[in-house]
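Remarks on the overall topology
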Amino acid sequence: MTPRQRPAKLGFGGAAIGNLYRPVGDAAARATIDAAWDHGIRAFDTAPHYGFGLSERRLGDALAERDPAGTAFVSTKIGRVLRPVPDRDLATERQGFVSPEPVESAFDYSRDGVLRSFDASRTRLRRDRIDLLLAHDIGAMTHGADAAARMATFLDGGYPAMRSLRDAGAIGAIGIGVNEIAVCEELLNRVELDAILLAGRYTLLEQGALDTLLPRCQAMGVRLILGGPYNSGILATGTGGGARYNYEAAPVDIVRRVDAIAAICACHDVPMAAAALQFAMAHPAVDTVIPGMADVEEVAQSLTLATLPLPPALWHDLIAAGLVRADAPVPSSETA
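Quick notes on the rules
- Residues numbered from 1 in each chain as written.
- Predicted model: local features only at pLDDT ≥ 70, side-chain atom pairs only at ≥ 80, totals over all residues.
- Heavy atoms only, no water.
- Helix = DSSP H or I, 4+ residues; strand = E, 2+ residues; numbered from the N terminus.
- Buried < 20%, exposed > 50% of the residue type's maximum accessible area, 1.4 Å probe, protein only.
- Core = buried A, V, L, I, M, F, W, Y, C linked by side-chain atoms within 4.5 Å.
- Contact = heavy atoms within 4.5 Å.
- Salt bridge = Lys/Arg side-chain N within 4 Å of Asp/Glu carboxyl O.
- Pairing = 2+ DSSP bridges.
- 1 Å grid on protein atoms, 1.4 Å probe; cavity = no way out; pocket = protein on both sides within 12 Å on 5 of 7 lines; lining within 4 Å.
- Points joined across faces, edges and corners; volume = space filled by probe spheres on them.
- Nonpolar A, V, L, I, M, F, W, Y, C, P; charged D, E, K, R; others polar.

**Brief notes about the side chain of R127**
- The topology assignment puts R127 in the loop between α3 (111-125) and β6 (130-136).
- The class of R127 is buried, set by a relative accessible area of 11%.

**Some words on unusual backbone geometry**
- Despite not being glycine, F52 has its phi angle at roughly 60 degrees, a positive value.
- Tracing the backbone through its elements, the reader meets F52 in the loop between β2 (43-45) and α2 (54-66).
- Overall, F52 belongs to the buried group, its relative accessible area being 2%.
- Phi is positive for Y247, close to 70 degrees, though the residue is something other than glycine.
- By the secondary structure assignment, Y247 is in the loop between β10 (244-245) and β11 (248-249).

**Comments concerning the nonpolar core**
- Among the nonpolar cores identified, the biggest contains 91 residues, and F44, F154, L187, I196, L204 and L235 are the most heavily contacted of them.
- In terms of residue count, the dominant contributor to this core is helix α10 (residues 272-282) (nine residues).
- Apart from residues lying up to four places away in sequence, F44 is in contact with F12, I33, A36, W37, L59, L63, A72, F73, V74 and S75.
- By size, the runner-up hydrophobic cluster in this structure holds eight residues, among which are A173, A195, L197 and I225.

**Let's talk about the pattern of salt bridges**
- The final tally for this structure, using the stated rule, is 28 salt bridges.
- Note that D26 is salt-bridged to R58, the shortest N-O span being 2.9 Å. Residue D26 is located in helix α1 (residues 26-38), and its partner R58 is located in helix α2; the two are separated by 32 residues in the primary sequence.
- We classify D26 as partly exposed; its relative accessible area is 45%.
- Here D45 makes a salt bridge to K77, at a shortest N to O gap of 2.7 Å. Of this pair, D45 sits in strand β2 while K77 sits in strand β3 (residues 73-78), placing them 32 residues apart in sequence.

**A look at the sheet that holds strand β7 (residues 171-178)**
- The strand order across the open sheet formed by eight strands is β1-β2-β3-β6-β7-β8-β9-β12, and the pairing between neighbours is parallel. Both edges of this open sheet fall to β1 (12-13) and β12 (286-290), since each of them pairs with a single strand only.
- In the sheet, β1 pairs with β2 via two bridges, with the strands oriented parallel. Considered in β2, the bridge of G13 is made with D45.

**Re empty space enclosed by the protein**
- Taken as a whole and assessed by the stated rule, the structure comprises two cavities of 30 Å³ or more.
- Estimated volume of the largest cavity: approximately 50 Å³.
- Around the largest cavity sit A43, F44, D45, F73, S75, R223, I225, T288 and I290, which together line it.
- Broken down by secondary-structure element, the contributors of at least two residues to the lining of the largest cavity are β2, β3, β9 (223-227) and β12.
- The greatest single-element share of the lining of the largest cavity, amounting to three residues, is contributed by β2.
- Class assignment for the residues of the lining of the largest cavity results in five nonpolar, two polar and two charged.
- Here the second largest cavity defines a volume of roughly 30 Å³.
- Around the second largest cavity sit P48, H49, K77, I78, G79, R80, S117 and H136, which together line it.

Here is the structure:
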């Protein structure tokens, strides 16, 4: 596949190269980024939380060589700072990552926390300017009873700091990177956002974002990036052993729904992962979809899944079965 054949909406999710759930060596991570670059991918998302700086460092080192002019679109996040943990066993999973970095992330949405996090990210990414800075995981899904206090800290300190960085030209745009719809709606009511990275809430499995959020983003001109198009993997792997949904073991109702989707995909001889990725890319409000890519094979697979011809009858049957909403945009032809 040549770079010109790359789907315009396909980007690179950087959690996997931060050793999400399992170790990935430096050489393998570099080969993965190189493969994405060679296939024309130019949008890269990362965060300090991903491997506790490991994903940012690996991406920064690779792009410093592959993209010295800084043409790639790079997004990273604030909301956590990295703190030393000298006594931790670095060979075990910590906060979802198996990282050799002797630090861990702690929430901090204050002005000082945002500025310190941004400066450290800029150093690891080896870039003076970051295209998009996102407030990471703010909202009730992550913080529960502490959500209101975290939001107050962000609105009083962190958000104004992001605005000042944007006004100074150190970043191109600001937004949030979250796993829930409600906090997107709340912040759109309260502050100006240039972009939203929404993970796992608009997928082949979940379409509640169609009700208000996606139309609102279109109307307001808010750039929408979709993460988690496979809902943490279950739409790619199916419901076999170890299937994850929302980063955890999949509950029974989700397993049943995924099995129903998989059965219809199988009737049309379509990989469910292809249907999931192309469904996410089909909505006109969506600017970029960023599946995680852990190795060279996953890069190639993502490109194949994003361009595989899918029969219109697939979408007809998914809609008829009540698995895809009738008002959801779907790929309009047999070529995505």
